[in-house]
Amino acid sequence: MTSDQTPSSGDAKPLRADARRNRARLLEVAEAVFTERGTGASTEEIAREAKVGIATVFRHFPTKEALLEAVLVRRLERLGEEGRRLAEEAGPGDALFAFFDLVLDQSPAKNAFAAALADAGVDVRAATSEAGRALREVLTALLDDAQRAGAARRDLEVPELTAILVGTCRMLEHLDGHPEAAGRARAVVRDGLKAGAGA
């Protein structure tokens, strides 16, 4: 069951089609508001932007934390979908490195959502476990394809690639405001992942 279908009340019954549409619309608006105004934006602001009453927001998301969690899970699900699309439409090496760049580009917003949830006492790893598992499967498939095609170094495995992604995201945070340096640093990391880099 995806984030657009999951009832927020713990009820196992799937949402009706109209309720799913309303929930998806709220998630879309909430993501835009949180991205534009920060995670401190209120549920009242989201209700106003979505042109619904606050009761409608709380019917789907009993707390602001539940809404933030759903937005984060939705972003991770979309990232996985984009990885699968790249695997189908791009060459193996191109798909892996395009996905690598996509993860880096989306990291600041993802980290902001995760930090807000952690500050509120939410176990982010548990909350995103299903979406995270799907992302690891996508990353594994992209890496395997790139290695078979001779585009990525053969001694690279998913745990260290994941660690490299996390580390590169932190590095880019450190270089925030210095786009040229950030671009060079990204290129160095990408080059180190390519076949022959360890020779």
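Reading the values: rules and limits
- Within each chain, residues carry numbers counting from 1 in the order of the written sequence.
- Residues qualify for local features only when their pLDDT is at least 70, as the model is predicted, and side-chain atom pairs are given and counted only at 80 or more; totals for whole chains, interfaces and linings, by contrast, use all residues.
- Only hydrogens and water are set aside; all other atoms, that is, all heavy atoms of the structure, feed into the side-chain values.
- What makes a salt bridge here is a side-chain nitrogen of Lys or Arg within 4 Å of a carboxyl oxygen of Asp or Glu, nothing more.
- Put simply, DSSP marks the helices as runs of H or I at least four residues long and the strands as runs of E at least two long, and each gets a number from the N terminus on.
- A simple rule labels every residue: compare its accessible area, found with a 1.4 Å probe on the protein chains alone, to the largest value its type can have, and call it buried under 20%, exposed over 50%, or partly exposed in between.
- We call two residues in contact when some of their heavy atoms are within 4.5 Å.
- In this analysis, rings of Phe, Tyr and Trp, with Trp reduced to its six-membered ring, are considered paired at centre separations within 6.5 Å, and the interplanar angle assigns stacked below 30 degrees, edge-to-face beyond 60, and tilted for intermediate values.
- Note on criteria: charge over ring means Lys NZ or Arg CZ within 6 Å of the ring centre, with the direction from the centre no more than 35 degrees off the ring normal.
- Each axis is a line fitted through C-alpha atoms, and for a helix only the stretch in contact is used; angles between axes span 0 to 180 degrees, taken between their N-to-C directions.
- Each angle is binned into one of four classes, with values under 35 degrees roughly parallel, values over 145 roughly antiparallel, values of 65 to 115 roughly perpendicular, and all other values oblique.
- Put simply, a crossing is left-handed when the front helix is turned counterclockwise from the back one by less than a right angle, and right-handed when it is turned clockwise.
- Under the scheme applied here, ten amino acids are nonpolar (Ala, Val, Leu, Ile, Met, Phe, Trp, Tyr, Cys and Pro), four are charged (Asp, Glu, Lys and Arg), and all others, including Gly, are polar.

Okay, the pattern of salt bridges next. Close approach of charged atoms allows side chains with opposite charge to pair. Tallied over the full model, the rule gives 14 salt bridges. Close ionic contact of Arg 85 with Glu 89 constitutes a salt bridge, the shortest N to O distance being 2.5 Å. With a gap of 4 residues between them, Arg 85 and Glu 89 both fall in helix H4 (residues 64-89), about one helical turn apart. One salt bridge in this structure joins Asp 155 and Arg 153, with 2.7 Å as the shortest N-O distance. The network of salt bridges with shared partners includes Glu 31, Arg 74, Arg 75 and Arg 78.

For Ala 127, the position within the fold is in helix H6 (residues 124-127). Look at Ala 127 and you get partly exposed, because its relative accessible area is 23%. Sequence separation of Ala 127 and Val 73 is 54 residues, and the distance between their C-alpha atoms is 7.9 Å. If we ignore the near neighbours within four places in the chain, the residues touching Ala 127 are Glu 69, Val 73 and Val 122.

Let us now look at the packing of aromatic side chains. Under the definition given, this model contains 1 aromatic pair. One residue, Lys 194, lies across the ring of Phe 97, its end atom 5.9 Å from the ring centre.

Two elements in contact, helix H5 (residues 92-119) and helix H8 (residues 158-174), have axes whose closest approach is 10 Å; the angle formed by their N-to-C orientations is 55 degrees. The angle between H5 and H8 falls in the class oblique. By crossing handedness, the relation of H5 to H8 is classed as right-handed. Across the interface between the two elements, Leu 96, Phe 100, Val 103, Leu 104, Ser 107 and Asn 111 of H5 pack against Leu 161, Ile 164, Leu 165, Thr 168, Cys 169, Arg 170, Leu 172 and Glu 173 of H8. For the contact of H5 with H8, a count of residues per class yields 9 nonpolar, 3 polar and 2 charged.

Below, the discussion takes up the side chain of Thr 43. By the secondary structure assignment, Thr 43 is in helix H2 (residues 43-50). Since its relative accessible area comes to 8%, Thr 43 is described here as buried. Not counting residues within four places of it along the chain, the set of residues in contact with Thr 43 comprises Ile 54, Val 57, Phe 58, Lys 64 and Leu 67.

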